[in-house]
Amino acid sequence: MTLKIDSLEVGYGKRQVVKGANLKVEKGELVGLLGSNGSGKSTLIKTIAGINSHTKGSITWNGGTDLTKLARRDLAKIVAYVPQSIGLSFGLDIREAVLLGRTPYFGTRPRDEDWVHVEAAMQRMGLDELGDRSVTELSGGQGQRVLIARALAQDPEILLLDEPTSALDIRYQWQTLEVARDVTRKKNVAAVIAIHDLNQAARFTDRVVFLQDGVVIADGPPADVYSPELIKRVYGVDVELSVHKGFVQVHPLSDREHSHLGLHSTTSALGHNHHPVKHRDYATA
Ligand SMILES: Nc1ncnc2c1ncn2[C@@H]1O[C@H](COP(=O)(O)OP(=O)(O)OP(=O)(O)O)[C@@H](O)[C@H]1O
């Protein structure tokens, strides 16, 4: 089963933002969506989630279901979306806010089964102690964890996470990425995560996709895709790469280090645990 995005075009008014993007995500795969600010990551994710509409191309699931044609309730049984910002409803406690993830499944009243999903999701996100607190009392990071729990309670086939760790402290950043990876694997979910931290993406995702100006310019496992040339092209930053505990890592160079090492060096300066990475070259657009 595959989420397939073909030649997708999305804009705001006359301005095109996603300009013919292609992407495939298999069940059980966590794909990191990378790219500079404004490259179109959120727009792409929101379009898959049915929030933005596209002007051209297609978004299909499982060999032919056109996600853009599904009724909202049916779409919500397949796709869960964790937005960048909080925007939680007033007057709800945390448990009720997480229960919103179950609304596609029940009629007027939640069933026992729905509460089981709610409690499990709250526990996963470390919210079980906070269940009765009002969502209006939460810190930014706690609110973000509620949104992730709501998406987990939804028990989706496709999980879309838009920078879910941006408000979290390091413990919950790692916990969230671990949960995203575990849910993807154990529940066989197709997951896309927009993320800025290249090193966390390398650590937790199966594949990374770089978006530049609304177009996918690189797609593959982080160790194959990351290169100083690509990162310079996307972010305008000189970096060197290393491998730490089996994961490719990116180290931005200061001007001084940069002139010392020379342009586009892949030589690690970080000691025994770090080894230079071979990389592909990408043609400039
Ligand atoms: N609601 C909107 N109306 C008009 N333009 C928008 C809207 N949302 C986003 N844009 C524009 O679309 C472009 C892509 O924005 P988008 O939020 O998709 O980028 P992004 O890659 O997610 O950025 P970031 O890394 O900063 O979150 C930007 O130029 C942005 O100004």
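Check the entry above for the structure.
Predicted, not measured: the structure shown is a model, and the values here were computed from it.

A.B. asks: So, the pairing of strand E9 (residues 207-212): which residues are in play, and what are the values?
C.D. replies: In terms of burial, E9 is a largely internal element, 5 of the 6 residues being buried. Of the strand pairs in this sheet, strand E3 (residues 30-34) and E9 are connected by 4 bridges, and their pairing is parallel. The residue bridging Leu34 from the neighbouring strand is Phe210, located in E9. With 5 bridges connecting them, E9 and strand E10 (residues 215-220) associate as antiparallel partners. When the sheet's bridge partners are listed, Val209 is paired in E10 with Asp219. Connecting the antiparallel pair E9 and E10 is a turn made up of 2 residues, with Asp213 showing a positive phi of about 50 degrees.

A.B. asks: Break down the sheet that holds strand E5 (residues 65-66) for me, with residues and values.
C.D. replies: One open sheet accounts for 4 strands, arranged E2-E1-E4-E5; its pairing is antiparallel. Edge positions in the sheet fall to strand E2 (15-26) and E5, since each of these pairs with one other strand and no more. Pairing analysis gives 5 bridges linking strand E1 (residues 2-12) to strand E4 (residues 56-61), with the strands arranged antiparallel. Bridge assignment links Ile5 to a residue of E4, and that residue is Ile59.

A.B. asks: I'd like a rundown of helix H6 (residues 170-186), residues and numbers included.
C.D. replies: Along its 17 residues, H6 runs 24 Å from first to last C-alpha, staying within 8% of the 24 Å computed at 1.5 Å per residue. Considered for burial, the residues of H6 that qualify are Tyr172, Gln173, Thr176, Leu177, Val179, Ala180, Arg181, Val183 and Thr184. Tucked inside the fold, the buried residues of H6 contact E3, helix H4 (112-124), helix H5 (140-153), strand E7 (158-162), strand E8 (190-194) and helix H7 (198-204). Measuring from the side-chain oxygen of the N-cap residue of H6 to the backbone nitrogen of Arg171 gives 3.1 Å; that N-cap residue is Asp169.

A.B. asks: Talk me through the packing of aromatic side chains; I want residue IDs and the actual numbers.
C.D. replies: Think of a pair of aromatic rings as described by two things: how far the centres are apart, and how the planes are tilted against each other in angle. Considering all chains together, one arrives at 3 aromatic pairs under this definition. Centre to centre, the rings of Phe210 and Tyr235 are 6.5 Å apart; their planes meet at 70 degrees, and the pair counts as edge-to-face. Taken together, the residues span a long stretch of sequence, with Phe210 in strand E9 and Tyr235 in helix H9 (residues 228-235) at a distance of 25 residues. Overall, Phe210 belongs to the buried group, its relative accessible area being 0%. Judged by relative accessible area, Tyr235 falls into the partly exposed class, the value being 26%. Members of the aromatic cluster, each reached through a chain of ring pairs, are Phe210, Tyr226 and Tyr235. Over the ring of Tyr172 we find Arg145; its NZ or CZ atom is 3.6 Å from the centre of that ring. If you follow Arg203 out to its NZ or CZ, it ends over the ring of Phe204, 5.2 Å from the centre.

A.B. asks: Explain the sheet that holds E10 to me, and be specific about the residues and the numbers.
C.D. replies: Spatially, E6-E7-E8-E3-E9-E10 is the arrangement adopted by the 6 strands of the open sheet, whose pairing is mixed. Edge positions in the open sheet fall to strand E6 (79-82) and E10, since each of these has one partner strand only. Direction aside, the axes of adjacent strands within the sheet are offset by 15 degrees on average. Two elements, E3 and E8, share 4 bridges in a ladder whose sense is parallel. Note on E8: the bridge partner recorded for Leu30 is Ala191. The strands that helix H1 (residues 41-48) touches are E3, E6, E7, E8 and E9; relative to E7, the one it contacts most, it runs at about 150 degrees. Lying on the sheet, H6 is in contact with E3, E7 and E8; it crosses E3 at an angle near 135 degrees.

Conventions used here
Residues numbered from 1 in each chain as written. Predicted model: local features only at pLDDT ≥ 70, side-chain atom pairs only at ≥ 80, totals over all residues. Heavy atoms only, no water. Buried < 20%, exposed > 50% of the residue type's maximum accessible area, 1.4 Å probe, protein only. Helix = DSSP H or I, 4+ residues; strand = E, 2+ residues; numbered from the N terminus. Pairing = 2+ DSSP bridges. Expected span 1.5 Å × (residues − 1). Contact = heavy atoms within 4.5 Å. Polar contact = N/O pair within 3.5 Å; in protein donor to acceptor, adjacent residues only side chain to side chain. Phe/Tyr/Trp six-rings, centres within 6.5 Å; stacked < 30°, edge-to-face > 60°. Lys NZ or Arg CZ within 6 Å of the ring centre and 35° of its normal. Axes fitted to C-alpha atoms, helices over the stretch in contact; angles between N-to-C directions.

That is the geometry; function is a separate question.
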